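Tertiary structure, described
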Number of protein chains: 2
Amino acid sequence: MNQQYPSSLLEKAVGEFAKLPGIGRKTAMRLVLHLLRQDIQSVESFGQSVITLKREVKYCKVCHNISDTETCKICANPQRDASTVCVVENIRDVMAVENTQQYKGLYHVLGGVISPMDGVGPSDLQIASLVERVRQGGVKEVILALSSTMEGDTTNFFISRKLAPYDVKLTMIARGISIGDELEYTDEVTLGRSIVNRTLFTGMM
Amino acid sequence: MNQQYPSSLLEKAVGEFAKLPGIGRKTAMRLVLHLLRQDIQSVESFGQSVITLKREVKYCKVCHNISDTETCKICANPQRDASTVCVVENIRDVMAVENTQQYKGLYHVLGGVISPMDGVGPSDLQIASLVERVRQGGVKEVILALSSTMEGDTTNFFISRKLAPYDVKLTMIARGISIGDELEYTDEVTLGRSIVNRTLFTGMM
């Protein structure tokens, strides 16, 4: 459908929204017309929020998480256990682990996983800086918390080889049956692994 | 889920996106992180596009369609038939009718339909200016092209009463079986109407 826009400004704004992932031209039009119905302050607040974010956002020099400051709130917090570092793919994973309220150590954000198909090699990721963190000492345990995919496994293996020379405990997050899942619907690889990696029954689930 | 954002700038941008209709916090986060991966020029182009649209957009003084100029491209076009005015709810409907390439007259954008439930009365819509257009003369036919809903029907009826004193032909777009639809799946009201309002068979579909 060759859309005839009544205004070039409208066409430009719709075009910008339609570049976003998962947003087609019809949705983009709906969103832009919604914004157009708001007052000018709201629209400026919307437009400026992403520009300001892009201009002023910092990445923590220690863990590479997104931050308002040179060192992020987690790395700067003396209450956190600096001897444990959890390696994650991106900042959404940091937020996911934080939301569990089960982890009191620090993070290391790789910025992705090794994926030759997408042209992502080890040098595109924050692996060298992870090795450097471990080399400087003070880190007793590195927890690998990457996705359970071929790319995640490859990255886990690569990191484990890079950290082999150092005196650091390397662990990975547990894989098994999701809480609430029924056995008969669990895939056999996960079920098989969960039997091999069974844990002592303590009465706690 | 009480999200802990690692950056207040990120939280602000995600909050702004989450105000958009149909966009939740998770989608907002995905969109903002996507923008953050683009270069600064792209992000400024995105943010400025809506601000510029809101600041500089005009509404045609004749038909109230969105426009870059005082009078919109359609109203200013001497090739269009100024004696026919198609009344629509919003600018998306103008675009929808334009895309059919079946209409060569002008438009009148009401800005909504009468809906007491939503607090929209006749004075909130561009009905007075429609009556004024007709009163000034030159308009021979007004086509009502509103949604086939109770609100649309109410608005049609209200406009028809307002235009009754004037010598103008009042028509409405045909309602019937959609092209490609099968009879057995058509609702009975539409099917009943399409029998009552049957047209002469000319060999053209």
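What comes next is a walk through the structure. Along each chain, residue indices are assigned from 1 in the same order as the chain's sequence is written. The order in which chains are written sets their letters, starting at A; the order in which ligands are written sets their numbers, starting at 1. A pLDDT threshold of at least 70 governs which residues receive local features in this predicted model, and a stricter bar of 80 or more applies before side-chain atom pairs are shown or counted, although totals over entire chains, interfaces and linings include all residues. Based on all heavy atoms of the structure, the side-chain values leave hydrogens and waters out of the count.

A few words now on the pattern of salt bridges. The term salt bridge refers to a pairing of a side-chain nitrogen on Lys or Arg with a carboxyl oxygen on Asp or Glu at a separation within 4 Å. Taken as a whole, this structure holds 12 salt bridges over all chains when the rule is applied. Between E132(B) and R135(B) there is a salt bridge; the shortest N-O distance is 3.0 Å. Of this pair, E132(B) and R135(B) both sit in helix α6 (residues 127–135), three residues apart, which is roughly one turn of the helix. When accessible area is computed with a 1.4 Å probe and restricted to protein chains, residues below 20% of their type maximum are described as buried, those above 50% as exposed, and intermediate ones as partly exposed. According to the relative accessible area criterion, R135(B) is partly exposed, its value standing at 49%. With its nearest N and O atoms 3.3 Å apart, the salt bridge here joins D153(B) to R175(B). Linking D153(B) in helix α7 (residues 150–163) with R175(B) in the loop between β6 (169–172) and α8 (188–196), this pair joins segments that are 22 residues apart in sequence. Three or more residues are tied together by salt bridges with common partners; here these are K12(A), E16(A) and K19(A). Where helices and strands are cited, they refer to DSSP runs of H or I of at least four residues and of E of at least two residues respectively, numbered from the N terminus.

Turning our attention to the interface of chain A and chain B. Here, two residues are considered to be in contact whenever any of their heavy atoms come within 4.5 Å of each other. Listed as interface residues are 55 residues of chain A and, on the opposing side, 55 residues of chain B. The term buried area denotes the loss of accessible surface (1.4 Å probe radius) that occurs when two parts are joined, taken as the sum for both partners. Overall, the association of chain A and chain B removes approximately 5,300 Å² of surface from exposure, summing both partners, and the carbon and sulfur fraction of that is 69%. Where chain A packs against chain B, one counts two salt bridges. Put simply, E44(B) and R55(A) hold a salt bridge, and the shortest N to O gap is 2.5 Å. Polar contact is the term for a pair of N or O atoms within 3.5 Å; when the atoms are in protein, one must be able to donate a hydrogen and the other to accept it, and sequence-neighboring residues count only if both atoms are side-chain atoms. If you look at where chain A meets chain B, you find 16 residue pairs in polar contact (both at pLDDT 80 or more). Looking at the side of chain A that touches chain B, the elements with two or more residues in it are α1 (8–18), α2 (25–37), α3 (40–56), β2 (66–67) and α5 (91–100) of chain A. Grouping the constituent residues of the side of chain A that touches chain B by class yields 27 nonpolar, 16 polar and 12 charged. Each residue gets one of three labels, nonpolar for Ala, Val, Leu, Ile, Met, Phe, Trp, Tyr, Cys and Pro, charged for Asp, Glu, Lys and Arg, and polar for the others, Gly among them.

Count a disulfide wherever a pair of cysteine sulfur atoms falls within 2.5 Å. Counting across every chain of the model gives zero disulfides over all chains. With no disulfide of its own, C60(A) lies closest to C63(A) among cysteine sulfurs, the gap being 3.7 Å. The class of C60(A) is buried, set by a relative accessible area of 1%. Free of any disulfide, C75(B) has its nearest cysteine sulfur in C63(B), 3.6 Å distant.

Glancing now at α2(A). Every helix has an expected span of 1.5 Å times one less than the residues it contains. With 13 residues, α2(A) should reach 18 Å at 1.5 Å per residue; the first-to-last C-alpha distance of 18 Å fits that figure. Along α2(A), the residues classified as buried are A28(A), M29(A), L31(A), V32(A), L33(A), H34(A), L35(A) and L36(A). Lining the buried residues of α2(A) we find α1 and α3 of chain A together with α3 (40–56), β1 (58–59), β2 (66–67) and α5 (91–100) of chain B.

Our next topic: the packing of α1(A) against α2(A). All names here are of chain A. Here an angle of 0 to 180 degrees is reported between the N-to-C directions of two axes, which are lines fitted to C-alpha atoms, with helices fitted over the stretch in contact. Where α1 meets α2, the axes come as close as 8 Å, and the angle between the chain directions of the two elements is 120 degrees. Put simply, α1 runs oblique to α2. Along this stretch, α1 crosses α2, giving a crossing that reads as right-handed. For the pair α1 and α2, the contacting residues are L10, A13, V14, G15, F17 and A18 in the first and R25, A28, M29, L31, V32, L33 and L35 in the second. Within the contact of α1 with α2, the residues separate by chemical class into 11 nonpolar, one polar and one charged. Any angle that is under 35 degrees is reported as roughly parallel, and any over 145 degrees as roughly antiparallel; angles of 65 to 115 degrees are reported as roughly perpendicular and all others as oblique. Crossing handedness is read from the near helix: turned anticlockwise from the far helix by less than a right angle, it gives a left-handed crossing, and turned clockwise, a right-handed one.

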